[in-house]
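Summary of structural features
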Amino acid sequence: MSNSNQNTNLRIEECRARVLKKYELTIKEELGRGVSGIAFLVRSPEGDLYVVKEIYSRDMKDQDKVMKEVEILKKLKHGYIVTYEDSFEDEKAGLFYVMMEYCAGGDLYKKMEAQTEKGAFNEEQIIDWLVQICLALQYIHGNNVLHGDIKPQNVFLTEDDYINLGDFGCSKALEKADAYSKSVVGAELYISPDVFQNKYHSKSDIWSLGWLLHDLCMLKVWSNPIQRRFLHVSSMTGTTPKIAETYSEDLQKIISQMLSCNPENRPSANEILATPFLRDAVKRNKRIPGQLEEKFMKSTENFDEAYKDSEAFLNEMKKTTDSLEEIHHKCTIGSLSGAVIGAAGGITAVVGAILAPFTLGASLIVTGVGIGVSVAGGVTGAASNITDTVKQKSLLKSLEIMEQKYKKEGALIFSSPKTLRYLRKISKFCDFVSYSTFSNVQMTWRVGRSTAMFAAELACLLVNVGRIGAQAAKIGRAAVAASGVLSGLLVIADGAFIFKDAQEIHEIRQQGEIDDPEKVKSSMLKSIAKMRKTHKDLCALLNGIKETRESILKKRRENRPGVKKIGYMYTTSQTHA
């Protein structure tokens, strides 16, 4: 390797380390590399694993492809589709990163390679995968999105043994008025005849899926590259490949239809899912996967006690936030009052001193009064600071206790990484179940995702609580630091603080309870707003966990043998000897 290449690689590694450190991600291992970039398995501070794709973004063609994929992935939320997590860029180094859900089961290609040594897949397994992929295609096609690159390498398996369709790099979002997208894309052995005619549409995805199913059924043919290539070329002229007779006629027939050269003769994802012989499989897969559901329920075994503690924590959080805002309000008002009085006294003293030569000393009385008022103002501000210092100490203690409790795993149900991880995965299946809380779960995952996130907000408040007294004391000190004209001049010079506090009080009065940090400028008010927003989101998350758990329990009761529903009640039929 030349020195130039070595230097380039070293620079990229340094940039990579800097970017990943910024986002608190640790590289666990390299998953693979291609012409345009590398894929890494990374670990977050909470212990979650993700895949990060690093792309050398100075190659505009690759960058455009990745950006298209990111824009599409941002919009997709489905149980059988890989979840987009985040993206970030190091413009200076020309590196672009896409962070995605990690599927611990690997891809279907590796699964097929391993199975080739063992024998054929059983039909039930193939049918489950068929239904899961079709449910994903039904979703994206319904949203005017095409996949464009369906092949074993882009079908991933989760740790809970269900499919996640990924790698939307060849996707194309269709305009509603345009039924076709003109571009030759996709893996060579899965490309449909219509793609070669520069007409790519939803039925092209169905053709690719047909070949994927063929390969799952015919592993020996798939593993022979010459034979497999010959069959693909023949299929382009209308010769449909055969499926082993060990599989049912229904499965053979649906694969044959999917590999029809005429797109109009291929069934849509909707039509495939409506096929009678798939009815049970659709019912089986159009729900929360069993292993995932079980993991979630196990993570909430001590739910009743944890729920009470979490509810008490949120109530304390609300009271603390209210107290913090009240103290800040009163402290600011008190300091402002003292400063204004001090400023008025200072101005009076200045006027008296200026007029003294022209009033034969009579205005010295005015100056004396001004000094007195100025000192009184300082005392007013200082008294406000002293009164609230005791309350500040109490608040600091309360915040520190809250922070410690939140960090303690298992103490609060919404700070449990396992519960949140499983809940988020469950929320991807919102199209299949009627849980009303899933919109809240998805919305609040940003808060619940990281224990450290909320702890950071509390740490921010711990710093800003001290700022209340510091800012107020600064005005008080300015008022009482000197006497006479000097005192007045110092107070006038400190007018910027008076104006700033006046703005904060105006914001409080105008907006009431502030829960949007972007709507305020003061760092103290921003912290209070973050606390309110976090409280609101955590309340929704707690309810989401509770309602999801109750819904699963209800479903289990309904499916239990011997249980009949009468109105809103459940009765258990018993057999007597």
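Residues numbered from 1 in each chain as written. Predicted model: local features only at pLDDT ≥ 70, side-chain atom pairs only at ≥ 80, totals over all residues. Heavy atoms only, no water.

Observations concerning the pattern of salt bridges
Across all of its chains, the model carries 22 salt bridges by this definition. Ionic pairing is found between Lys-318 and Asp-322, a salt bridge with its closest N-O pair at 2.9 Å. Of this pair, Lys-318 and Asp-322 both sit in helix H13 (residues 303-355), separated by four residues, roughly a single helical turn. Of the charged contacts, one joins Arg-532 and Asp-322 as a salt bridge, the two residues approaching to 2.9 Å between their closest N and O atoms. Of this pair, Arg-532 sits in helix H20 (residues 523-559) while Asp-322 is found in helix H13, placing the two residues 210 residues apart along the sequence. (Salt bridge = Lys/Arg side-chain N within 4 Å of Asp/Glu carboxyl O. Helix = DSSP H or I, 4+ residues; strand = E, 2+ residues; numbered from the N terminus.)

As for the nonpolar core
Within soluble globular proteins, side chains that are nonpolar tend to cluster in buried spots. The biggest cluster of nonpolar side chains holds 93 residues, and the ones touching the most others in it are Leu-137, Leu-209 and Phe-414. Among residues more than four places away in sequence, those in contact with Leu-137 are Gly-142, Ile-150, Leu-165, Asp-205, Ile-206, Leu-209 and Ala-269. Listed in part, the 15 residues of the second largest apolar core include Leu-25, Ile-38, Val-42 and Leu-95. (Core = buried A, V, L, I, M, F, W, Y, C linked by side-chain atoms within 4.5 Å. Buried < 20%, exposed > 50% of the residue type's maximum accessible area, 1.4 Å probe, protein only. Contact = heavy atoms within 4.5 Å.)

Here's the deal with the confidence of the model for the protein
With 64% of its residues at a pLDDT of 70 or more, the protein shows a mean pLDDT of 75. Note on residues 347-351: pLDDT under 50 across the span, and 10 contacts to partners over four residues away in sequence or across chains. Predicted confidence is poor over residues 468-499, with pLDDT under 50, and the contacts of this stretch with residues over four places away or in other chains come to 51 contacts. (pLDDT = per-residue confidence, 0-100.)

Thoughts on the packing of aromatic side chains
The relation between two aromatic rings is expressed through the spacing of the ring centres and the mutual angle of the planes. Evaluated as defined, the whole model comprises 10 aromatic pairs. Here the aromatic rings of Tyr-109 and Trp-222 are separated by 5.4 Å at their centres, their planes lie at 75°, and the arrangement is edge-to-face. A residue pair is termed long-range when its members are at least 10 positions apart, and Tyr-109 in helix H3 (residues 108-116) and Trp-222 in helix H7 (residues 219-222) qualify at 113 residues. A relative accessible area of 12% places Trp-222 in the buried class. The interplanar angle of 55° and the centroid separation of 6.0 Å between the aromatic rings of Phe-429 and Phe-432 together place this pair among those described as tilted. Each of the two residues, Phe-429 as well as Phe-432, counts as buried. Ring pairing ties together the aromatic residues Tyr-80, Tyr-162, Phe-429 and Phe-432, which thus form one cluster. The ring of Tyr-190 carries Arg-228 above its face, with NZ or CZ at 5.1 Å from the centroid. (Phe/Tyr/Trp six-rings, centres within 6.5 Å; stacked < 30°, edge-to-face > 60°. Lys NZ or Arg CZ within 6 Å of the ring centre and 35° of its normal.)

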